[in-house]
Structures are given as structure tokens and as C-alpha cells.
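Geometric and topological summary
The chain contents come next:
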Amino acid sequence: MMKKFVALVAIVVAMTAGTVTQASVLDKIVMYIPNRIVDCMDMFSISLAFGPTARGEVWCTRPFAFGAGTGVLAKAAKAYNRQYGFGLESGWETSFGAVSAEQKELSHSVGSLKDYSYYSTGAPNTSERIYNFTNGERDYWSLGMTGGLAIAEVSGEFHPVEIFDFFSGFVFIDLKDDDYVLLDTKN
């Protein structure tokens with residue numbers, strides 16, 4: 001039993017030696033289970049909103065979207081990049097494949113939900129700040145749908161990139177650099 005434990009510790013040290021930046025080996029071991037749970041939860045987003053709306057949209061990555069909508073909504077969300085909270089969203093969008101136009105704003109947010117204002121025509125671009133991999137408000141690669149009529153709207157997204165972060169975490173590699181540590185020194 002002791003030999004297995006020593007071997008496991010040696011493997012963990014060897015595997016994390018090149019990937020540890022701000023977290024120690026002890027942090028990675030102690031926070032292993034909580035980080036896997038949170039990484040699993042990162043794979044999806046959901047929101048529920050109330051207000052005047054008419055919207056129907058489905059997408060398989062942002063440049064491959066179909067639908068349109070408009071609305072002014074009070075929104076509760078569990079969103080991409082660990083954003084949780086409430087905010088006021090207003091705007092419109094229309095998409096047919098890579099041909100799209102959008103003007104949206106999320107303001108007066110509470111919690112970790114980030115305010116943003118976004119205007120775009122043409123195909124979405126991964127270099128836009130809103131699609132930043134580690135701290136952007138939206139996931140460029142997500143698969144999702146939004147639907148609403150009259151006074152309510154619901155939205156759900158699945159984040160394929162988070163699957164890679166989840167499974168790489170099993171071997172102590174944090175692709176998105178978002179794992180929790182015992183004493184968080186990140187600003």
C-alpha cells in the first residue's frame with residue numbers, strides 16, 4: 001500500500017513539474033476533486049430571463065448560427081468562464097450561417113456576471129475581446145439555443161472546449177488555467 005502511495009506521489013510530481021505555474025503540487029492534490037467537479041460544471045451554461053422578447057436561435061459555434069430575436073430582459077445566468085449572477089440585457093441579433101448582425105448589451109450586473117456592449121456585422125471573429133478564451137463573456141465554440149416569446153426566454157449552451165479542460169485535469173493539466181488553489185494568488 002505504501003509503495004503505491006509513493007509511486008502515485010512520484011507520478012503526480014513528475015506530471016505537474018512542467019505545468020505548475022502558480023499552484024504547488026500540494027494545491028493540485030488537495031483541490032483535485034473540487035476542481036474536477038467545477039470543471040464538469042463549466043461544460044454548460046444556462047439562463048432564464050423575463051421581459052418583452054421574441055427570439056429563436058440555434059448555433060453550432062458562433063459563426064454557424066441560425067435565427068433572430070430582440071428583447072429587453074432581466075436575466076439570471078450561469079454563464080461561460082464562471083460567470084454567475086443577474087443583469088439587464090437588451091438588443092437584437094440575426095444570423096444565417098456566417099452572415100450575421102448583432103447589437104447587444106448586458107448592464108447593471110450583480111455577481112460575477114460581466115457587463116458588456118457588443119456590436120458586430122459579418123462572421124464573428126475569435127480575436128474579439130468578448131470571445132477571449134480565458135476571461136471573455138462568450139464562448140466562440142459553444143453549441144446552444146435560445147428561445148423566448150412574450151415575457152420569458154430560456155437559453156442553454158454546451159462548451160466543447162471545457163470538455164478538454166475537464167479531461168486534461170485528470171492528469172493535472174489545466175488548459176484554461178482556471179483551477180482553484182488553496183491560497184489564490186492570482187489578481
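Each chain carries its own residue numbering, running from 1 in the written order of its sequence. In view of the model being predicted, local features appear only for residues whose pLDDT reaches at least 70, and side-chain atom pairs are presented and counted only at 80 or more, with totals across whole chains, interfaces and linings using the full set of residues. Values shown for side chains rest on all heavy atoms present in the structure; no hydrogens or waters enter the calculation.

**Here's the deal with the overall build of the protein**
Where helices and strands are cited, they refer to DSSP runs of H or I of at least four residues and of E of at least two residues respectively, numbered from the N terminus. A count of helical and extended segments in the protein gives 4 helices and 6 strands. Walking the protein from its N terminus toward its C terminus, one meets helices and strands in the order α-α-α-β-β-β-β-β-β-α. Evaluated residue by residue, the protein yields a buried proportion of 43% over its 187 residues. Accessible area for the protein stands at about 10400 Å²; split by element, carbon and sulfur atoms hold 72% of it. Each residue is placed in one exposure class: buried if its accessible area under a 1.4 Å probe, protein chains only, is under 20% of its type's maximum, exposed if it is over 50%, and partly exposed if it falls in between. Using a 1.4 Å probe, the Shrake-Rupley method yields the accessible areas, and only the shown protein chains count as cover for residues.

**Quick notes on unusual backbone geometry**
Phi at R82 is positive, roughly 55°, even though this residue is not glycine. Structurally, R82 can be placed in the loop between β2 (65-79) and β3 (83-97). The phi dihedral of D177 falls on the positive side, at around 55°, and the residue is not glycine.

**Brief notes about the environment of Y118**
Residue position: Y118 is located in strand β5 (residues 116-121). Spatially, the C-alpha atom of Y118 lies 9.8 Å from that of E128, the residues being 10 residues apart in sequence. When sequence neighbours within four positions are dropped, the list of residues in contact with Y118 reads E102, Q103, K104, E128, I130, Y131 and R138. Two N or O atoms form a polar contact when they lie within 3.5 Å of each other; inside protein one atom must be a possible hydrogen donor and the other a possible acceptor, and for residues adjacent in sequence the pair counts only when both atoms belong to side chains. A polar contact is formed between the side chain of Y118 and the side chain of S120, at a distance of 3.4 Å. There is a polar contact of 2.8 Å between the side chain of Y118 and the side chain of E128. The contact criterion used is simple: two residues touch if any of their non-hydrogen atoms lie within 4.5 Å.

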